[in-house]
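Given next are the chains, with one letter for each unit.
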Amino acid sequence: MKNSIKNILTILSIFTFSISFAQNIEGVVKTSENIPLEAANIVIKGTTSNTTSDQNGKFSIDSRGKLPVTLLIQYVGYKTTEIELDNLPTAPLQVTIKEENELIEVVVSSRRRIEKVQDVPIAISVITGKQAEQTGAFNVNRIKELVPSVQLYSSNPRNTGINIRSLGSPFGLTNDGIDPGVGFYVDGVYYARPAATTLDFIDVDQIEVLRGPQGSLFGKNTTSGAFNITTRKPSFTSGADFEVSYGNYAFLQAKASVTGALGKKVAGRISFSGTQRDGLIDNVATGRPTNSLNNQGIRGQLLFTPSDNTNIILAADITTQRPDGYAQVVAGVAPTQRAAYRQFDAIIKDLNYQLPSQNAFDRKIDHDTPWRSGQDMGGVSLNIDTKIGSGTLTSTTAWRFWNWDPSNDRDFTGLQVLAKSQNPTRQTQFTQEVRYAGQLTSKISGVVGAFFIDQTSQTNGTEESGNAQWRFSQSSTSALWKTPGLFEGYGIKTDARIRASSAAVFGQIDWAITERLHVLPGLRYNFDKKDANYSRTTYGGLQTTDPALLALKKSVYSDQSFASNTDNTDFSGNITVSYKASDKINAYATYAKSYKPVGVNVAGLPTDSKGLPLLDLAVIKPEKVNHYEVGVKTSPFKNSVFNLTFFNTEIKDFQTNVQAAELGVNRGYLANADKVRVRGAELDASFVFSQHLTVNAAATYTDAKYVKFTNAPLPLEETGAPVAFKDVSGSELPGASKWAGSLGGELSDNAKFFGNKGKIFVAVDSYARSKFSSSPSASKYLVVQGYAIFNARLGFRASEGLSVQFWGRNLLNKDYYEQLLPAGGNSGQYAGVIGDQRTYGVTLKYSL
């Protein structure tokens, strides 16, 4: 990978000599200390036209062919400056903005227009690209440490779930037959696969995390929130930055981005990110560490401005991951209700086996099946923005793919229980969104749009038994189980396919009854269709005609096939009332009726006493969501933000994932819980005590329960009980901590470093959460205990030239789990996804 990084950086360096042909309004933004200000937001007042300043404080913005215009220059911590222009300037504008640390000036585009985040009647958190870089938040798993309402659980990229307010994806293994409840958008393109959240960010400008149902503003309906990520756009003003980080465990991360004009109306940007790191867990069987990082991504964009009113961006990206990971470590053994000879400790004793360590945080494994988690993801998109009347018409067309190539050791031991467990998947999607956003009348603005997605997914999997399978599957004392070679090489070939299509029309208006009182109704109509086919065929093992031996083999794996075809339509909507009591207080209340589309099982079904699949579980009902929320956004005193939100979400026919005790149901299956309820409160606060000291805090309280779930799976310790299901009504939802929060601060001062003007700084960030259940049915053994981690950084940063930062993560070297999960077959052993131990390093950045 080092050679790849070197070659790409060399190519990117060549592009830094681009020549700008811009004929737009140009200028330079500087502080009162005459320091160029990077990433200042420049907006033409009354329009959606906006840009940001580069590393040298330079900007170029399209005047839209209309004069006079008013420029708004905004930046967090600085006073917003307005500049009125009657004529195009003949020389670049020299803009000096004063440092007042007015945090309320953060702007977002979630409602398809540029507006201050404090004016938006939505619970929303904003992480700038600069903030993400400085805190080392190079993927969503790191973002959750800054936005505690976000939860991400990943035992590998495919088995990744992202939740907001403990809702979004079923906890546990991923099933392709359902839609995520959290939308993930990059530059307006919807990413259907949750695996996208495990990839490194590439040249991010801003991350907006919207909480609560989002169906009338975004193309894809989502029931619990959305990530709206924007990358830095091509600029007609040339610029480049290069960044490299080194750390322990051979951590190496390189980033580069180059932009500039390619002609009078064409500009380009090319960006690269690469990350590698040695493994953090030792495999004593192979003698090498596992759970490494090996990620590379590249993104290219072309901006074409054929007229003053139209912008066209063609973008393409591809990202690859080739880690030796994601291995899990045995975290413990739960006694089950099976017979004594079927307990894990008795099984491994008979096989003369011992775990390499009884302590998961020794970080030792002896897995004999290679871990492989290769994935490729990429696509192309075409975005067209054209100004029509007092609004903007936007068309976003995209095609994307996701390829997944895994190998897992799902028994988590050095025994050949499962010799193979791999389910490679190929997924493609096509999306088209068209929307119009703008001022409709003097008192009414809004957005209306249509969205279509068509996606296909095919999995060709293999699961194969090894020479120890007989002992783990043994369900009687019959000597037939010891028949040599009975299960060795015995497995299943799986062919699972799904095609899912969805079409929708949506819209929302903002009716200004008075200057302070606004009513915002939204409506959505959706059509969803899903066709699924599942087939698995047994192979291998001892070739025999003995009915008794065949029955034993069938008890482990059996042939199974089924098909399901379903579609449904739904009306959903929301209404919000907002009241701006003063310039410092903005209150709102929202009711939303939302839904998650019908689901289909495409990972095998549990069987009845005769070994036949339970076909009534092939299709699961759509979720019906009723959501209530009230919030207030305030600036109680100068240089402060204090926002508070209360919410209550009730879901009927909640879609949940169930891990069956059968090996053949190798990815779990989906089921409906009758009703769940999640209620809680969130706090977001930012304070600037002086030009040198800033503090940020966020906290969330969540009470998430099954109101009614009578057919839940048995918890691990009750495996083998005479009943197949359990009533867990009133128990906590998996993955839901009562409390979570983050707290951080930075102390800085003006300084010089190698002749460059900038700031020297020291910063500390912390993240904590209370305990949570790590099982669809609460198990006392599968409870992740609460934990807190502390990160810190210090260094010097400048708008141009060299910046340096020393950083450390999990400084107290806290041992903690991110997730606990039972082994295939529920034999009693369970494994943990372990949080990273202490890491540290240095980051160097050079901006031109």
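Please read these numbers as outputs of a predicted model, since none were measured by experiment.

Draft legend 1. Expanded view of unusual backbone geometry. Positive phi, normally seen in glycine, also occurs at Tyr249, with a value near 55°. Residue position: Tyr249 is located in the loop between β17 (239-247) and β18 (251-261). Exposure remark for Tyr249: the relative accessible area of 32% places this residue in the partly exposed category. A positive phi angle, near 55°, is found at Asn813, a position not held by glycine. Checked against the element boundaries, Asn813 lands in the loop between β48 (801-809) and β49 (817-822).

Draft legend 2. Quick look at the nonpolar core. One finds Ile143, Phe184, Ile207 and Phe227 to be the most contacted residues of the largest nonpolar core, which totals 29 residues. Those residues in contact with Ile207 that lie beyond four places of it in its chain are Ser125, Val126, Ile127, Ile143, Phe201, Phe227, Asn228 and Ile229.

Draft legend 3. Representation of the sheet that holds strand β21 (residues 288-290) in the model. Here three strands make up an open sheet; going across it, the order is β21-β20-β25 and the pairing mixed. Each edge of the sheet is formed by a strand with only one pairing partner; in this case those strands are β21 and β25 (364-365). Bridging between strand β20 (residues 281-283) and β25 involves two bridges; their strand directions are parallel. Paired with Asn283 across the bridge in β25 is Ile365.

Draft legend 4. Seen up close, helix α6 (residues 547-556). Among all positions of α6, only Leu549, Leu552, Lys553 and Val556 are buried. Along the axis of α6, the buried positions cluster into a sector of 95°, meaning they face one direction only. Projecting away from the buried face of α6 at angles above 90 degrees are the exposed residues Pro547 and Lys554. A distance of 2.9 Å separates the backbone nitrogen of Ala548 from a side-chain oxygen at the start of α6, and that oxygen is part of Asp546.

Draft legend 5. Seen up close, the pairing of strand β32 (residues 517-539). Across 20 bridges, strand β31 (residues 491-512) lies against β32 in antiparallel orientation. What sits directly across from Ala504, in β32, is Asn526. As consecutive antiparallel partners, β31 and β32 are separated by four residues. Pairing of β32 with strand β33 (residues 560-582) involves 20 bridges; the strand directions are antiparallel.

Draft legend 6. A look at the confidence of the model for the chain. Looking at the chain as a whole, the pLDDT averages 87, with 93% of positions reaching at least 70. Helix α1 (residues 2-15) is the least confidently modelled element of the chain, averaging 50 in pLDDT, while strand β46 (residues 783-784) averages 95, the highest of any element. Below a pLDDT of 50 lies the segment residues 663-667, which in the model reaches 34 contacts outside its immediate sequence neighbourhood of four places, other chains included.

Draft legend 7. Representation of the pattern of salt bridges. Evaluation of the coordinates by the stated rule reveals 38 salt bridges. Put simply, Lys705 and Asp703 hold a salt bridge, and the shortest N to O gap is 3.9 Å. Looking at Asp703, the relative accessible area reads 11%, which means it is buried. Two residues, Asp703 and Lys738, come together in a salt bridge whose shortest N-O distance is 3.1 Å. Of this pair, Asp703 sits in strand β40 (residues 693-708) while Lys738 sits in the loop between β42 (725-726) and β43 (739-753), and the two are 35 residues apart along the sequence.

Draft legend 8. Highlighting the packing of aromatic side chains. Enumeration over the complete set of coordinates arrives at 22 aromatic pairs. Aromatic side chains Tyr153 and Phe772 sit 5.8 Å apart centroid to centroid with 55° between the ring planes, which places their arrangement in the tilted category. Of this pair, Tyr153 sits in strand β11 (residues 150-154) while Phe772 sits in strand β45 (residues 772-773), placing them 619 residues apart in sequence. Looking at Tyr153, the relative accessible area reads 5%, which means it is buried. The interplanar angle of 40° and the centroid separation of 6.0 Å between the aromatic rings of Phe184 and Phe227 together place this pair among those described as tilted. Placement of the pair is Phe184 in strand β13 (residues 182-186) and Phe227 in strand β16 (residues 225-231), with a sequence separation of 43 residues. A residue is classified by how much of its surface remains accessible, and Phe184, at 7% relative accessible area, is buried. Among the aromatic residues, ring-to-ring pairing joins Tyr185, Tyr190, Phe218 and Phe451 into one connected group. Positioned over the ring face of Tyr539 is Lys493, at 5.3 Å from the centre of the ring. When the ring centre of Phe761 is taken as origin, the NZ or CZ atom of Arg797, which lies over that ring, is 4.5 Å away.

Here is what the cut-offs are and how they apply
Every chain's residues receive numbers from 1 upward, in the order its sequence appears when written. Reporting in this predicted model follows two pLDDT cut-offs: at least 70 for local features of residues, and 80 or more for side-chain atom pairs to be given and counted; totals over whole chains, interfaces and linings ignore these cut-offs and use all residues. Water and hydrogen atoms play no part in the side-chain values, which are based on all heavy atoms of the structure. Here a strand is any run of E in DSSP of at least two residues, a helix any run of H or I of at least four, and the numbering for each starts at the N terminus. Burial classes: relative accessible area under 20% of the type maximum marks a residue as buried, over 50% as exposed, and values in between as partly exposed (1.4 Å probe, protein chains only). What we call a nonpolar core is a set of buried Ala, Val, Leu, Ile, Met, Phe, Trp, Tyr and Cys residues that are connected through their side-chain atoms within 4.5 Å. Here, two residues are considered to be in contact whenever any of their heavy atoms come within 4.5 Å of each other. Two strands qualify as a pair provided that DSSP identifies no fewer than 2 bridges between them. Working definition: the arc comes from the directions between the helix axis and the C-beta atoms, pointing outward to the latter. What qualifies as a polar contact is a pair of N or O atoms within 3.5 Å, subject to a donor-acceptor requirement within protein and to the restriction that residues adjacent in sequence count only when both atoms come from side chains. The quantity known as pLDDT measures the predictor's confidence residue by residue, on a range of 0 to 100. Salt bridges, as used here, are contacts in which a Lys or Arg side-chain nitrogen is within 4 Å of a carboxyl oxygen on Asp or Glu. Stacked, edge-to-face and tilted are the three classes for Phe, Tyr and Trp ring pairs, Trp counted by its six-membered ring, which pair at centre distances within 6.5 Å; planes under 30 degrees apart are stacked, over 60 edge-to-face, the rest tilted. In our convention, an over-ring charge means Lys NZ or Arg CZ found within 6 Å of a ring centre and within 35 degrees of that ring's normal.

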